[in-house]
Amino acid sequence: MRRFNLNLWLGGVLTLIVIVGAVFAPWLTSLDPVFDANLMYAEEPPSGQFWFGTDEQGRDVYTRVLYGARISLTVGIVSQIINSVIGLSLGISAAYWGGWWDDLVNGLTNVMLAIPSLIFALAIMAILGPGLPSLLIALGLTNWSWTCRIARSSTLSLKGQGYVQAASTLGYSDIRIMWTQLLPNMVGPILVISTLGIGAAVLAEAALSFLGLGIRPPFPSWGAMLTGARELIVIAPWAAVFPGLAIFVTVLGFNLLGDGLRDYLDPHMRTRQQ
Amino acid sequence: MKDNATTAPPLLEIRDLHVHFPVGNKLFARNRRLLRAVSGINLSLGHGECLSIVGESGCGKSTTALAVMGLQEPTSGDILVDGQSIIGDNAPGRMDRARIAQMVFQDPYASLNPRQTVHRSLAAPLRLHGTPNSEIDDRVADILKKVGLLPEHGARFPHEFSGGQRQRIGIARALILGPRILMLDEPVSALDVSVRAQIINLLLDLQEDLSLSFVMISHDLGVVEHMSDRVAVMYFGQIVELGRWDAIFARPTHPYTRKLIATIPDPDTVLHPDRDRRAGKAPEPPAGYRFCPEDIGRPDVYSVPAESALIEIGPGHFVRCATA
């Protein structure tokens, strides 16, 4: 029997809550996150009618947090997929082929690590202009250096292993070796760094939107909601607390899920199917 | 038995193989030196023969094996299979090469992909080489039986096996494409002593059944004694003695070979310390020559080795000497 994996379950449940909230938002609330503004109900505290209270324009914070999850998850997952694809292909190929390609990728990675990624994303956003597509590009191009580093060091330690050499002598092409022998054996660390990356991207989206360079105000992004709530933090703290809590739960959920999945995918814990 | 070398080209021939590695700082050329891992190896392997290459760690025996397998680019020299060069411009592709030679690795714990079942590790190369899907399961079951495992074992992951069983799987993988040469890189040195004999016997049986030719890399002369037809003793990049195994063990001539053989634990020596069957009197080098290298224990792998040649002192028995 497999040992109970608390990280996996807790992370899975938290992530599932966020995903269900994002996917089923229209069924979980009857209000619209943008157009159902009513100044009559501005800055109402949480109640039976407005579970998370209302903001300065009288919009339901609960509704906006639900719809905000759609943006945060899209940004987090899509940008991390872009990061993983870039980081893995550069890191694995650099370490496997070596030579000038390795030097080039290494140099590039070091440059990327030296530039604070949020500043770099800010610069890209300033060029591309605000909006979801430019947010995905900006965050997808700026956060691959750790994935690349881990993929590179994993490849360096794996490529001397007998099974990688055997694959080469059995006629596998380089790409096939990378895909079938190297990649599956670095799933653990890559998954962990990717889930951390999703969390980081959710935070970066919030930060960029908070600075006004991400999602434009009427649309419900958690970062943009925090910007709006900044001035009312004393009068209506709920308008800031609930988007903040949503960010916290999402980031924590993905991080726990990453840790849990790493243990789960470890082949040494896999028992034979009888 | 192996005297047909004059009529047909040998199965495998290594001609003047050199492998050098640049070491030291990449930026400052003044610190850069060449490490001469292999400097001028000539060897041939006949059909159905087992040739052993012995020597201590770092003598270049594994580098030679990797060069034959195509895993290490030689600096110069040629490697021929049936008289056809397998390196350089006319080299066969990876797929053709895969059917010529396969390798059994030293560490059975690192030589199997931990994320693939045994069946998958064995079936993937077959699929890659175009075996029809309907035959794959039978071929895999067949090879598992040949190496002394059960077809049911295919569903398991490598970590569910013991070291000896893993080495059997490693041998199965090396044989799955039906290669002609098996490169055995210290095939039993990572195994428990009690399992070694089983694996050696398995290899000998397979050699007979499948008419395989072996090149065995080892530092353990005890294993070599049981398996080889011929033995090449390597010392820091060069062959110092080469001959049939009985000649090497009965009349070790080069000082380095004698030193190696003296390290084999011998029960007679322990029981009768005054009667060491191997020590004897050190043989003299052939007239007009001196053994090369004379100074064992202080190898210099960075400079060009001194002028020397393999001198024949008996039928097929060569010793490295330099003119006195």
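Quick caveat, the model's predicted, so the values are computed rather than measured.

## Some points on the sheet that holds strand 4 (residues 76–81) of chain B
Residue and element names in this part refer to chain B.
Then step 1. Ordered by their spatial adjacency, four strands build an open sheet running 2-1-4-5, and the pairing between neighbours is antiparallel. Each of the sheet's edge strands pairs with one partner strand only, and the pair in question is strand 2 (33–45) and strand 5 (84–85).
Then step 2. Pairing analysis gives ten bridges linking strand 1 (residues 12–23) to strand 2, with the strands arranged antiparallel. Along strand 2, the bridge assignment pairs H18 with S39.
Then step 3. Its contacts with the sheet put helix 1 (residues 61–69) on strand 1, strand 2 and strand 4, and the angle it makes with strand 1 is roughly 115 degrees.

## Describing the pairing of strand 13 (residues 317–323) of chain B
All names here are of chain B.
Then step 1. With respect to burial, strand 13 is a largely interior element, five of its seven residues being buried.
Then step 2. In the sheet, strand 11 (residues 289–291) pairs with strand 13 via three bridges, with the strands oriented antiparallel. Residue pairing across strands places F291 opposite C321, the latter belonging to strand 13.
Then step 3. Where strand 12 (residues 309–314) and strand 13 come together, five bridges link them in antiparallel fashion. Each bridged residue has a counterpart across the sheet, and for E312 the counterpart in strand 13 is F318.
Then step 4. Where strand 12 folds back on strand 13, the antiparallel hairpin that results is connected by two residues, among which G316 adopts a positive phi of roughly 70 degrees.

## A short note on the pairing of strand 10 (residues 238–244) of chain B
Residue and element names in this part refer to chain B.
Then step 1. The buried fraction of strand 10 is high, at six of seven residues.
Then step 2. In this sheet, strand 10 lies alongside strand 9 (residues 230–235) in antiparallel orientation, the contact comprising six bridges. Bridging from a neighbouring strand, R230 pairs with R244 of strand 10.
Then step 3. What sits between strand 9 and strand 10 in their antiparallel hairpin is a turn of two residues, with F236 showing a positive phi close to 45 degrees.
Then step 4. Relative to strand 13, strand 10 runs antiparallel, the two sharing two bridges. Bridge assignment links E241 to a residue of strand 13, and that residue is V319.

## A look at the nonpolar core
Then step 1. Counting 68 residues, the largest nonpolar core has A:L182 and B:I171 as the members making the most contacts within it.
Then step 2. Looking at which element gives the most residues to this core, the answer is helix 6 (residues 193–210) of chain B, with six residues.
Then step 3. Those residues in contact with B:I171 that lie beyond four places of it in its chain are B:V104, B:V147, B:I199, B:L202, B:L203 and B:L206.
Then step 4. Core analysis: the next-biggest nonpolar cluster, separate from the first, contains 35 residues, B:L12, B:I14, B:I217 and B:L242 among them.

Parameters and conventions
Residues numbered from 1 in each chain as written. Chains lettered and ligands numbered in written order. Predicted model: local features only at pLDDT ≥ 70, side-chain atom pairs only at ≥ 80, totals over all residues. Heavy atoms only, no water. Pairing = 2+ DSSP bridges. Helix = DSSP H or I, 4+ residues; strand = E, 2+ residues; numbered from the N terminus. Contact = heavy atoms within 4.5 Å. Axes fitted to C-alpha atoms, helices over the stretch in contact; angles between N-to-C directions. Buried < 20%, exposed > 50% of the residue type's maximum accessible area, 1.4 Å probe, protein only. Core = buried A, V, L, I, M, F, W, Y, C linked by side-chain atoms within 4.5 Å.

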